[in-house]
Amino acid sequence: MGIRNGLLDFGAVLAGQFTSSDLSIFHEFEPPPTGGGHQFLRAFRMQAEMHGLRVENNIISRTTRACLFNSFNFNEKRLQRTRRSSVLYVHRVDGPIGVYRGWDDGVDGSIHAVNQKYADKTIFQSRYSLEKHLELGMQFRKPVIIMNAADPHIFHARGRAGFSSDRKTRLIASSWSDNPNKGALVYQWLDENLDWTRFEMTFVGRSSVVFKNIYMMPAVDSFRMADLFRGHDIYLTASRNDPCSNSLIEALTCGLPAIYFQSGGHPEIVGQAGAGFEMAEQIPGLLEQIVKNYRAVQSIISVPSMEQVSELYLQILGLMDGQSIDPNRRINE
C-alpha cells in the first residue's frame, strides 16, 4: 500500500507539471449519501467554477494560486510532495472533534499540527469552534469564521408543504452517526412521552435506539433529504458540541424552524428562528410555542446562501477581486 500511495503521489506531482488550475481542493470525496463536509465542498467547487475558476482535486498545478485543504480528510503526504511556495494555503477546520465525539484519540492535535505546518490562513465554521479550540490551548493561523451554507440547487423552500394546525405537526430529525452525543436518549424520551395524537416524527439515519412511535428511515441522498425536509414542519436536533451542523443549515434553508440542544454552534445558526433546550422535558413546551407562532418564526429564518459563503471563501483564498467582505460578521444579519 505504501508503494502504491507513493506512486500515486509521484503521479500527482508529475501531472501538476502539465495541468493548469487556479484552485486546488485537498479533500477525499466519497460518493453520496455522505456527511456535510462532502456536500459543502461539492457545492463550493461548483460555485468557484461558476466564477470562472479552474478547480482541481488533490493536486497542485504549475498555475495553482490557492489551495483549500479540509480538516484531516485529505492526503497530507501528497500535499507535502506537491507543495509550491507560490500557493496560498487555507485550512478549513471544524470540531474540536474530540469534544464532538466524546473521546480524544489525538485527531485534534494532529489537525493543529497540520495547520501550523502548512496553513497561511484558517477558516472556522462557527465562533463556538474557534473559541473551543482556544480553550484547549490551540491557536490557528490567521483564523476567520465563515458559516457553512447549503447547495441551493438541492436545499430550498420552493414547493414545501404548507403548515396547518388542522393536522398533526410533522417533526423531523437526522443523524449520520449513532454516537450517543447525537442525542438518541433525547429522541427516546420523545418517543415515550410526546403527544402522538398531535405530532408525528421521522428520524433519518442511524440511531442506537429503536423507536416505537418515531418513524425511522436509513440515510438517504441529499435530494431525498431535501424532499423530506420540505414535507415536514419543524427540525429537531439533540446533538451535543456540534460545531456547525450541515443538517441544521439544510433544514432551515428548506424553511423549517428548529428546536435544538443548547450546545455547540446551534444557537449561532438558528438565531431567532427556533428555540433551544437543555433537557428533553422542555421540548413539548417549546414545540407549543413554535406551533402557536409558526409563520412568524418561519419568516425570520436567516441563513447564508452558498453564493455568499463561496465569495467569502474565494476572498480569503485571494481568488476574488472586488468589494471586501468582513468574514467575521454574521452573513445572515
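Residues numbered from 1 in each chain as written. Predicted model: local features only at pLDDT ≥ 70, side-chain atom pairs only at ≥ 80, totals over all residues. Heavy atoms only, no water.

Bringing the confidence of the model for the chain into the picture now. Looking at the chain as a whole, the pLDDT averages 89, with 88% of positions reaching at least 70. Segment residues 323–333 is flagged for pLDDT under 50; beyond a separation of four residues in sequence, or across chains, it makes 24 contacts in the model. (pLDDT = per-residue confidence, 0-100. Contact = heavy atoms within 4.5 Å.)

Turning next to the environment of Met 320. Positionally, Met 320 belongs in the segment after α13 (306–316). Each C-alpha atom of the pair Met 320 and Ser 310 lies 10.0 Å from the other, and the pair is 10 residues apart in sequence. (Helix = DSSP H or I, 4+ residues; strand = E, 2+ residues; numbered from the N terminus.)

Moving on, we get to the pattern of salt bridges. Applying the stated criterion across every chain, the model contains nine salt bridges. In this structure, Arg 45 and Glu 49 form a salt bridge, with 3.2 Å as the shortest nitrogen-oxygen distance. Within this pair, Arg 45 and its partner Glu 49 are both found in helix α2 (residues 36–50), separated by four residues, close to a single helical turn. Since its relative accessible area comes to 39%, Glu 49 is described here as partly exposed. (Salt bridge = Lys/Arg side-chain N within 4 Å of Asp/Glu carboxyl O. Buried < 20%, exposed > 50% of the residue type's maximum accessible area, 1.4 Å probe, protein only.)

Bringing the sheet that holds strand β2 (residues 55–57) into the picture now. Pairing is parallel across the open sheet formed by six strands, whose spatial order is β2-β1-β3-β4-β5-β6. Of all strands in the sheet, those with a lone pairing partner are β2 and β6 (143–145), marking the two edges. Taken pair by pair, the neighbouring strands of this sheet meet at an average axis angle of 25 degrees, ignoring direction. Alignment of strand β4 (residues 88–93) against strand β5 (residues 121–124), held across four bridges, turns out to be parallel. Paired with Arg 92 across the strands is Ile 123, a residue of β5. Against the sheet, helix α5 (residues 107–118) touches β3 (66–70), β4 and β5, its axis set at about 165 degrees to β4. (Pairing = 2+ DSSP bridges. Axes fitted to C-alpha atoms, helices over the stretch in contact; angles between N-to-C directions.)

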